[in-house]
Amino acid sequence: MNPETDEKGYFVLDKHCTVTYTFEGILEAEFSFEEEIDSIVDQIQISECEVGFEFVVDAVNGFDCAIRAKSLRISFEPNA
């Protein structure tokens, strides 16, 4: 973590990015939601399967999902 702070005293987050997952040919999707407003993601697992890719999000609270799709594209955009 960067030790620099901004004018409000918050840490400057200089190594963060926005990650976009694009699924094509979705074959199966399961979602579960809790009543929480914010989710805390514990882990994201991406693996190859017999039909393409499986994408699983395990959250501490909030939102879990499992998606199977023929293809998956991942892109990164640095945050300013």
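These numbers come from a predicted model, not from an experiment.

**Some details on the environment of serine 47**
Position of serine 47 relative to the elements: it lies in strand E2 (residues 40-49). Taking the C-alpha atoms as reference, serine 47 lies 9.7 Å from arginine 68; in sequence the two are 21 residues apart. With near-sequence residues (within four places) excluded, serine 47 lies in contact with Gly52, Phe53 and Glu54.

**Some points on the pairing of strand E3 (residues 52-61)**
In this sheet, E3 lies alongside E2 in antiparallel orientation, the contact comprising nine bridges. Each bridged residue has a counterpart across the sheet, and for isoleucine 40 the counterpart in E3 is asparagine 61. What sits between E2 and E3 in their antiparallel hairpin is a turn of two residues. By the bridge criterion, five bridges tie E3 to strand E4 (residues 63-78) in an arrangement that is antiparallel. Looking across to E4, one finds that phenylalanine 55 is bridged to isoleucine 67.

**Focus: the pattern of salt bridges**
Going through the model one piece at a time under the given rule, you end up with three salt bridges. Arginine 68 is the partner of glutamate 50 in a salt bridge, and the nearest nitrogen-oxygen pair spans 2.8 Å. You can see glutamate 50 sitting in the loop between E2 and E3 and its partner arginine 68 sitting in strand E4, a full 18 residues away along the chain. The partner of arginine 68 in a salt bridge is glutamate 54, with the nearest N and O atoms 3.4 Å apart. A residue pair is termed long-range when its members are at least 10 positions apart, and arginine 68 in strand E4 and glutamate 54 in strand E3 qualify at 14 residues.

**Remarks on the state of the cysteines**
Under the defined criterion, the tally for this structure stands at zero disulfides. The thiol of cysteine 17 is unpaired, and the distance to the nearest cysteine sulfur, on cysteine 65, comes to 18 Å. The cysteine cysteine 49 is free of any disulfide, with cysteine 65 supplying the nearest cysteine sulfur at 14 Å.

Conventions we followed
Residues numbered from 1 in each chain as written. Predicted model: local features only at pLDDT ≥ 70, side-chain atom pairs only at ≥ 80, totals over all residues. Heavy atoms only, no water. Helix = DSSP H or I, 4+ residues; strand = E, 2+ residues; numbered from the N terminus. Contact = heavy atoms within 4.5 Å. Pairing = 2+ DSSP bridges. Salt bridge = Lys/Arg side-chain N within 4 Å of Asp/Glu carboxyl O. Disulfide = S-S within 2.5 Å.

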